[in-house]
Amino acid sequence: RASGTRTDADVALGELAMTAERIAWILAAALMLLGAHAVRAFRWSLLFPRGRAETDQRGLLLSLGIGYAVNSIIPFRLGEIVRGLCAARLRKVRFAEVMATIVAERLSDLFLVTVFVLSLSYSSGDKALPLIAAAYATVFGGFALVAIALRRSPTLRGLLWSAAGILNPRIRLHFLPLGRHLG
């Protein structure tokens, strides 16, 4: 055999080596992804009140993974609701508390994306970025105004709970006395 020619065995060994290299990269990416999920679960645990729930980080990590899996299969971010259900069951807290932490987490994400896009729009010459930044700022500002209005207005909170009660009879029955106080 000449020194410059390659046999089928050489090609097969080269493909095997390439596969081993790909496997190493896949394992490295999987470890980094798991680390990022662990950090996110820890960050999420900081949003829960102290002393009112178990401090089980694995439960939050499991809930996060299940939520991601459902998000990849079912549209409309329904995995966030499944994530809340799992976390509420595993941490033995109310579903509403868990969903409040998820909403707070998403609002902080929206705020950080808004800051990022705003800073990018100032440093870039792209004409579309200021419009995107304005849209993000408007959405974030709208959420902030709704949150402030809900915090300050018992009537508005009562209306929100009444609207939620349409979908859940237990909420409707539980907040029936609230409706009497609002009228």
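All figures in this text were calculated on a predicted structure; none of them were measured in a lab.

Some remarks on the environment of Ala96
The topology assignment puts Ala96 in helix α4 (residues 95-123). Each C-alpha atom, one on Ala96 and one on Leu85, is 9.4 Å from the other, the two residues being 11 residues apart in sequence.

Side note on the side chain of Thr101
Along the polypeptide, Thr101 turns up in helix α4. A relative accessible area of 5% places Thr101 in the buried class. Reaching out from Thr101, the side chain makes a polar contact with the backbone oxygen of Val98 at a distance of 2.5 Å. Ignoring sequence-local partners within four residues, the contact set of Thr101 consists of Trp44, Leu47 and Phe48.

Some points on a nonpolar patch on the surface
Where nonpolar side chains cluster on the molecular surface, the patch consists of Ile73, Ile74, Phe76, Leu78, Ile81, Leu85 and Phe95 and spans about 710 Å² of accessible area. With respect to the helices and strands, Leu78 occurs in the loop between α2 (57-73) and α3 (79-91).

Describing the packing of α2 against α3
Look at α2 against α3: their axes get within 8 Å of each other, and the N-to-C directions meet at 155°. Of the possible angle classes, the one that applies to α2 and α3 is roughly antiparallel. At the point where α2 passes α3, the crossing takes the right-handed sense. Residues Gly59, Leu60, Leu62, Ser63, Leu64, Ile66, Gly67, Val70 and Asn71 of α2 lie in contact with α3, whose contacting residues are Gly79, Glu80, Val82, Arg83, Cys86, Ala87, Leu90 and Arg91. Taken together, the residues of the contact of α2 with α3 break down into nine nonpolar, five polar and three charged.

So, the layout of surface pockets
Volume-wise, the second largest pocket comes out at about 190 Å³. Every residue lining the second largest pocket is listed: Phe76, Arg77, Leu78, Glu80, Ile81, Phe95, Met99, Ile102, Val103 and Arg106. Of all the secondary-structure elements, those providing two or more residues to the lining of the second largest pocket are α3 and α4.

Reading the values: rules and limits
- Residues numbered from 1 in each chain as written.
- Predicted model: local features only at pLDDT ≥ 70, side-chain atom pairs only at ≥ 80, totals over all residues.
- Heavy atoms only, no water.
- Helix = DSSP H or I, 4+ residues; strand = E, 2+ residues; numbered from the N terminus.
- Buried < 20%, exposed > 50% of the residue type's maximum accessible area, 1.4 Å probe, protein only.
- Polar contact = N/O pair within 3.5 Å; in protein donor to acceptor, adjacent residues only side chain to side chain.
- Contact = heavy atoms within 4.5 Å.
- Patch = residues over 30% accessible without salt bridge, like charges linked within 9 Å, V, L, I, M, F, W, Y side chains within 5 Å.
- Areas by Shrake-Rupley, 256 points an atom, 1.4 Å probe, with all protein chains shown as cover.
- Salt bridge = Lys/Arg side-chain N within 4 Å of Asp/Glu carboxyl O.
- Axes fitted to C-alpha atoms, helices over the stretch in contact; angles between N-to-C directions.
- Parallel < 35°, antiparallel > 145°, perpendicular 65-115°, else oblique.
- Left-handed = near helix turned anticlockwise from the far one by under 90°.
- Nonpolar A, V, L, I, M, F, W, Y, C, P; charged D, E, K, R; others polar.
- 1 Å grid on protein atoms, 1.4 Å probe; cavity = no way out; pocket = protein on both sides within 12 Å on 5 of 7 lines; lining within 4 Å.
- Points joined across faces, edges and corners; volume = space filled by probe spheres on them.

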